[in-house]
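Breakdown of the fold
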Amino acid sequence: MKIRIYTTVVVVSITLVALMVLASCGNKNAQDKQSAVVETVIAAYDEFGSIDTDVTREQMQQAGFDLGDEVEVSTKDTTLVVPLYDGYYVKSGENQVVAYPTYKHVRVAANFGSLPDILLNKQGEKITFKLVTKGKYLEVQKAMGLAYTNNRKDYDSDEEFANFRMVTVGRIAPSRLFRAASPFDNSASRATYVSALIEKAGVHTIFDLADDENKMKSYSAIPEFSKKMWNNGNVVLCPLTADFLSDDFNQKLVSGLKELAKHPAPYFVHCTEGKDRTGYVCAMLGALCGASYDEVLHDYLLSYCNYYHLSLDKKEDMEVCQKFVELRFEPCVMNYCNINDASQLASVDLKKAYTEYLLAHGMTQAEIDAIVTSLTK
């Protein structure tokens, strides 16, 4: 396929994967009136059901798209009008175009949800991106578009780099629950540090929210202690999607917790980065042990402090953190508490809410009690 870049003066054709059209018209606010179009294909779907295209972030930029733009996404069957971000900055279940820094290609995705059925199972079909409004979501992009590095020297400690910490919210006893990034997946250069830290902490059971058997087999260089834990059967695999509202997410979570109840603490919980899926599960474990909403929220935000060098004592940093709370944490906790108003979270009985949810979805009280006892004794 070819990319063709058109302006009012010149036509250039280069061999790439998409058709890009740039046109400017008028002499007033020409930038705002400029059109940009990228035509490519649905190359594949990732593990979360997001569309992976054949066009890169750089090619989108060359065509005239910028982060924060409003973009029309169309196939032969449907059209969406969504933001273009470099992260997942829309509300739960909403759609967007995402040019995540570590993604090879631009994707179309739903944040903590699924794309419309009409966009699924369309591999190989044409998909087109068209600029609708330049910079419509730029303020959100600026607030949310934080970046972190995978270089240890950019962090103050191994713990900060690994996003590693002990969790002691509610009645959880010291050295019973830990969380961090993955001790198996070293694509972000953190696994070796995490493995060393959980060995030092005396972890007995790893609750893995990112990997299944196939992914575990795909890792070429698992750190020594992590490999020992895996080989000895001390890893509970619970591969969660990003959609905490889906039946698949919650069926897997309940199955994983039922298995976790058979294993001894200290527990170590992780996903890939140790931020969101790990944060949701640690909030649940904390709630079962009597933690308040403020406690589990504070623990959740510490991950963003570690990755992005934020401080919960700085007003400007807290304004950024509030965006993560509104888009990610609040909707998750509200789902498990069966409430629709975030203002109720501070007063809700989290222990009761999470217990009722787990009992309604297949856990027994004895299994819940076994986990709580392991965490609090």
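Residues numbered from 1 in each chain as written. Predicted model: local features only at pLDDT ≥ 70, side-chain atom pairs only at ≥ 80, totals over all residues. Heavy atoms only, no water.

**A word on the sheet that holds strand 14 (residues 235-237)**
- Taken together, the five strands give an open sheet; going across it, the order is 11-12-15-13-14, and neighbouring strands pair in mixed fashion. One side of each edge strand has no neighbouring strand; the edge strands of this open sheet are strand 11 (165-166) and strand 14.
- Strand direction decides the pairing type here: strand 13 (residues 205-208) and strand 14, joined by three bridges, are parallel. Its bridge partner lying in strand 14, D208 is registered against L237.
- Together, strand 13, strand 14 and strand 15 (267-270) form the strand contacts of helix 8 (residues 247-260), whose direction differs from that of strand 13 by roughly 175°. (Pairing = 2+ DSSP bridges. Helix = DSSP H or I, 4+ residues; strand = E, 2+ residues; numbered from the N terminus. Contact = heavy atoms within 4.5 Å. Axes fitted to C-alpha atoms, helices over the stretch in contact; angles between N-to-C directions.)

**Things to note about the pattern of salt bridges**
- The final tally for this structure, using the stated rule, is 15 salt bridges.
- Of the charged contacts, one joins R165 and D299 as a salt bridge, the two residues approaching to 3.1 Å between their closest N and O atoms. With R165 in strand 11 and D299 in helix 10 (residues 293-308), the pair connects residues that are 134 residues apart, well separated along the chain.
- Among the residues examined, R165 registers a relative accessible area of 9% and is labelled buried.
- Its salt-bridge partner being R179, residue D299 comes within 2.6 Å of it at the nearest N-O pair. Here the residue D299 occupies a position in helix 10, and R179 occupies one in strand 12 (residues 177-180), the gap between them amounting to 120 residues. Assigned by exposure class, D299 and R179 land together as buried.
- Each of D66, D69 and K134 takes part in one network of salt bridges that share partners. (Salt bridge = Lys/Arg side-chain N within 4 Å of Asp/Glu carboxyl O. Buried < 20%, exposed > 50% of the residue type's maximum accessible area, 1.4 Å probe, protein only.)

**A short note on unusual backbone geometry**
- Between A265 and P266 the backbone carries a cis peptide bond, its omega angle lying at 10°.
- Relative to the elements of secondary structure, P266 occurs in the loop between helix 8 and strand 15.
- Notably, N163 is not glycine yet its phi reads approximately 55°, a positive angle.
- Assignment of secondary structure puts N163 in the loop between helix 4 (158-162) and strand 11.
- Overall, N163 belongs to the buried group, its relative accessible area being 0%.

**Comments concerning the state of the cysteines**
- Within the structure shown, the criterion is met by zero disulfides.
- A disulfide-free cysteine, C271 has its sulfur positioned 9.1 Å from the sulfur of C282, the nearest such atom.
- Its relative accessible area of 3% is what places C271 among the buried residues.
- This cysteine, C321, is not joined by any disulfide, and C305 carries the nearest cysteine sulfur, 5.2 Å off. (Disulfide = S-S within 2.5 Å.)

**Observations concerning helix 8**
- The first and last C-alpha atoms of helix 8 sit 20 Å apart over 14 residues, in line with the 20 Å expected at 1.5 Å per residue.
- Every buried residue of helix 8 is accounted for by F249, N250, L253, V254, G256, L257 and L260. Looking down the long axis of helix 8, one finds its buried residues gathered within 165° of arc, a one-sided arrangement. Among the exposed residues of helix 8, those pointing more than 90 degrees away from its buried face are D247 and Q251. (Expected span 1.5 Å × (residues − 1). Arc of directions from axis to C-beta.)

Structural measurements only, silent on function.
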